[in-house]
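An overview of the molecular structure
Take a look at the letters that make up each chain.
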Amino acid sequence: MRIARFDGGRIGLIEEGAIRDISPVLVGWRPDAAYMNDFIAHFDELRPTIATYAASVAPQALEEVRLEAPVPRPTQLLAAPLNFQAHRDEMKGPLTAGAGTAAELGFFVKAAGSIAGPSDDVLLPDLPDRRFDFEGEIAVVVGRAARAVPAERVLDHVLGYTILFDMTMRMTETAREERTMRKSFATFSPLGPWIVTRDEIPDPSRLGLKVWRNGELRQDASLRDLIVDIPNLLARASAVLELQPGDVYTTGSPAGVGQVHVGDEIEADAPLIGRLRLRVAQRPW
Ligand code: MN
């Protein structure tokens, strides 16, 4: 299944370029952002009802709806630091020397308030002396709570997969804010376009991702090249804290990250998931 959120918190299934609104069959459906976590917590038991209902719903063209972040307010938004060797190599320098990789460093946290959706612009704050980068990444959405679950079994706790741009303000020689803050500006975690459930992607190492900036191919990667693969990212995180339904874990960026400016367009395509195309704009506040 491809699960989307749209038009003020409605939940829909994507099929052949169209969306079917399943909100009416969801008992207790609410438009607020936190509802999606409840929906995900009950997804396994809801699934047969959803599938039956969706078959009876008239499809709407995707162009007629406004897609929103599929998980707008996860309890936890975790992220892998350097998790592709080629990206680690491109980041070597005085500001990252000795930084290690996801294997040694584990995860970092982005504020969930930085999440935006597929129809939102990425908004750059008015800081003309600072550099802002895109990092295209595959993200995992947790389906069932996971505490101390070994890698061999942890995929059973996954709802599915989506795309996340880990937008980042880089440090300078003199400005070295916490990574969490530099990556947590509002709209700095665009997520989408929807979640593809794990039954459609039994082996997530088969996922690939391409990213373009203004039409120029910048990133082209396979998750086979992750330093720490998805089962081990999740298993290790679940040994630190309990992963919650709806939690998002973004797996780290491949090589080819680059700077964005107001007016740019960034686009990510994961063939097994979908495309996420975003404009970069000036933040109006
Ligand atoms: Mn990243």
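Residues numbered from 1 in each chain as written. Predicted model: local features only at pLDDT ≥ 70, side-chain atom pairs only at ≥ 80, totals over all residues. Heavy atoms only, no water.

**Things to note about the overall build of the protein chain**
Rule in force here: Secondary structure is summarised from DSSP: a helix means a run of H or I of at least four residues, a strand means a run of E of at least two, and numbering begins at the N terminus for each. The globule rule used for comparison is 2.2 Å times the number of residues to the exponent 0.38, while the radius of gyration itself is calculated over C-alpha atoms. Buried, partly exposed and exposed residues are distinguished by accessible area as a fraction of the type maximum, computed with a 1.4 Å probe on protein chains only: under 20%, between the cut-offs, and over 50%, respectively. Should any heavy atoms of two residues lie within 4.5 Å, those residues are counted as being in contact. For every accessible area listed, the method is Shrake-Rupley and the probe measures 1.4 Å; residues are considered covered only by the protein chains on display. The positive count covers Lys and Arg only, the negative count covers Asp and Glu only, and His and the chain ends enter neither. Here the site of a charge means NZ on Lys, CZ on Arg, CG on Asp, or CD on Glu.
A tally of helices and strands in the protein chain yields seven helices and 20 strands. Over its C-alpha atoms the protein chain spans a radius of gyration of 18 Å, differing by no more than 12% from the 19 Å that the globule rule assigns to 285 residues. C-alpha extents for the protein chain along the principal axes are approximately 60 × 45 × 30 Å. Buried positions account for 55% of the 285 residues belonging to the protein chain. Counting contacts in the protein chain only where the partners sit at least 6 residues apart, residues at least 24 apart contribute 77% of the total. A total of about 12,100 Å² of accessible surface is found on the protein chain, and carbon and sulfur atoms cover 50% of it. Across the protein chain, the 32 positively charged side chains and the 40 negatively charged ones have centroids separated by 3 Å.

**Examining the sheet that holds strand β9 (residues 122-124)**
What counts is decided by this rule: The rule for pairing is simple: two strands pair if DSSP sees at least two bridges between them. Lines are fitted to the C-alpha atoms to define the axes, a helix being fitted only along its stretch in contact, and any angle between axes, read from their N-to-C directions, falls within 0 to 180 degrees.
With respect to topology, five strands assemble into an open sheet ordered β9-β20-β19-β15-β16, the strand pairing being mixed. The outermost strands of the open sheet, each flanked by one partner alone, are β9 and β16 (216-222). Neighbouring strand axes in the sheet, compared pairwise and without regard to direction, differ in orientation by 20° on average. Across six bridges, strand β15 (residues 208-213) lies against β16 in antiparallel orientation. Along β16, the bridge assignment pairs Leu209 with Ala221.

**What about the nonpolar core?**
To keep it simple, the criterion reads: Definition used in this section: a nonpolar core is a set of buried Ala, Val, Leu, Ile, Met, Phe, Trp, Tyr and Cys residues joined via side-chain atoms within 4.5 Å.
Membership of the largest hydrophobic core comes to 53 residues, with the highest contact counts inside it found for Phe165 and Ile273. Listed in part, the 24 residues of the second largest apolar core include Ile3, Ile22, Phe43 and Ile115.

**Structural notes on the coordination of the manganese ion**
To be explicit about the condition: Any N, O or S atom lying within 2.8 Å of the metal counts as a donor, and for Na, K and Ca the limit rises to 3.2 Å; water is left out, so some sites can look incomplete.
In this structure, Glu135 (OE), Glu137 (OE) and Asp166 (OD) serve as the protein donors to the manganese ion, at separations of 2.0 to 2.1 Å. Here the donor residues of the manganese ion share one chain and are spaced in sequence as E-x1-E-x28-D.

**As for the sheet that holds strand β13 (residues 168-169)**
Strand order in this open sheet of three strands is β13-β10-β18, and the pairing throughout is antiparallel. Two strands bound the open sheet, and with one partner strand each, they are β13 and β18 (258-259). Here strand β10 (residues 132-134) runs beside β13; their pairing, made up of two bridges, is antiparallel. From the neighbouring strand, Phe132 faces β13, where its bridge partner is Met169.

**Considerations on the pattern of salt bridges**
Selection rule: In what follows, salt bridge is the name for a side-chain nitrogen of Lys or Arg lying within 4 Å of a carboxyl oxygen of Asp or Glu.
With the rule as written, the count across this model stands at 18 salt bridges. The closest approach of N and O atoms between Glu68 and Arg5, which form a salt bridge, is 3.3 Å. In this pair, Glu68 sits in strand β5 (residues 67-68) while Arg5 sits in strand β1 (residues 2-6), placing the two residues 63 residues apart along the sequence. The exposure class of Glu68 is buried, given its relative accessible area of 16%. By relative accessible area, Arg5 is classed as buried at 6%. Salt-bridge contacts for Asp199 lead to Arg47; the nearest nitrogen and oxygen are separated by 3.2 Å. Of this pair, Asp199 sits in the loop between β14 (189-197) and β15 while Arg47 sits in helix α2 (residues 43-54); the two residues are 152 residues apart in sequence, bridging distant segments of the chain. Overall, Asp199 belongs to the partly exposed group, its relative accessible area being 45%. Note on Arg47: relative accessible area 25%, which makes it partly exposed. Each of Lys110, Arg131, Asp133, Glu135, Asp166, Arg170 and Lys183 takes part in salt bridges that share partners, so that together they form one network.

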